[in-house]
Amino acid sequence: MKIIGFAGDHAGFELKEITRKHVESLGYPCRDFGAFTADRSDYPDYAHPLAAAVEAGEVDMGMAFCGTGNGINITLNKYRTIRSAICWLPEIARLARAHNDANILVMPARFVAPEEMAAIADAFLNTAFEGGRHQRRVEKISAKNGLVQ
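Bear in mind that the values here come from a model prediction, so they are computed numbers and not experimental data.

### Notes on the sheet that holds strand β5 (residues 104-108)
Next up, step 1: Judged by pairing direction, the sheet is parallel, and its 5 strands sit side by side in the order β2-β1-β3-β5-β4 without closing on themselves. Two strands lie at the open edges of the sheet, namely β2 (30-32) and β4 (84-86), each paired on one side alone. For this sheet the average axis-to-axis angle between neighbouring strands, irrespective of direction, equals 20 degrees.
Next up, step 2: Taken together, the 3 bridges between β4 and β5 define a ladder with parallel strand orientation. Bridging across to β5, A85 finds its partner in L105.
Next up, step 3: Against the sheet, helix α5 (residues 114-125) makes contact with β1 (4-8), β3 (61-66) and β5, and its axis sits at roughly 165 degrees relative to β5, the strand it touches most.

Okay, here's the thing in structure tokens:
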């Protein structure tokens, strides 16, 4: 079973906790990179360890949370092999996996209600990358020395 990593700042703390418990209830082992309280914190402090763990294969996929989703998503996507996608609807999560082979789901905690979270997380976890015409596009995402290879 895939290991799922979690990260989020103070604004994402509550939704991260609810989502992690949901994912654990589905039988997935989880690794939490923080925050561990709702005290004010900085999303890069948690995004970097999550991204590094995905890159190293220590976790298979990730889920991350901050107020808008933007800050943590920008930080995660600084890593060459990370394809992080902000998803606020199940269909966006499904397409992020199917078309973009996203390996980290970001939920904007101030805009996703806890009762919507399960459908978004489930869509992300249960959708496979389609490959095919999307494979070429995904291969063009990573840049080396600022140039697309």
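### A closer look at the pattern of salt bridges
Oppositely charged side chains are able to pair whenever their charged atoms sit close together.
Next up, step 1: Scanning the entire structure with this criterion turns up 9 salt bridges.
Next up, step 2: For E17, the salt bridge is made with K16, and the minimal N-O distance between the two is 2.8 Å.
Next up, step 3: Between D32 and K16 there is a salt bridge, and its shortest N-O distance comes to 2.7 Å. Placement of D32 in strand β2 and of K16 in helix α1 (residues 13-25) is noted, with a sequence separation of 16 residues between them.

### A few points about the packing of aromatic side chains
We describe a pair of aromatic rings using the distance from one ring centre to the other and the angle between the two ring planes.
Next up, step 1: For the structure shown, the criterion picks out 1 aromatic pair.
Next up, step 2: Aromatic pair F6 and F65: ring centres 6.4 Å apart, planes at 5 degrees, arrangement stacked. In this pair, F6 is assigned in strand β1 and F65 in strand β3, connecting sequence segments 59 residues apart.

### As for unusual backbone geometry
Next up, step 1: For the bond running from G34 to A35, omega is 5 degrees, close enough to zero to count as cis.
Next up, step 2: One non-glycine residue with positive phi stands out, namely D101, at about 50 degrees.
Next up, step 3: In this structure, D101 sits in the loop between α4 (90-100) and β5.

Procedures and definitions
- Along each chain, numbering runs from 1 in the same order as the chain's sequence is written.
- Given that this is a predicted model, residues contribute local features only at a pLDDT of at least 70 and side-chain atom pairs are listed and counted only at 80 or more, while totals for whole chains, interfaces and linings are drawn from all residues.
- Side-chain figures throughout are based on the complete set of non-hydrogen atoms in the structure, without hydrogens or water.
- Any two strands with at least two DSSP bridges between them are considered paired.
- Put simply, DSSP H or I for four residues or longer makes a helix, DSSP E for two residues or longer makes a strand, and each gets a number counted from the N terminus.
- Each axis is a line fitted through C-alpha atoms, taken for helices only over the stretch in contact, and angles between the N-to-C directions span 0 to 180 degrees.
- Contacts were defined at the residue level, with two residues in contact if any of their heavy atoms lie within 4.5 Å.
- Definition used for salt bridges: Asp or Glu carboxyl oxygen within 4 Å of a side-chain nitrogen of Lys or Arg.
- Note on aromatic contacts: the rings of Phe and Tyr and the six-membered ring of Trp form a pair at centre separations within 6.5 Å, being stacked when their planes are under 30 degrees apart, edge-to-face when over 60 apart, and tilted otherwise.

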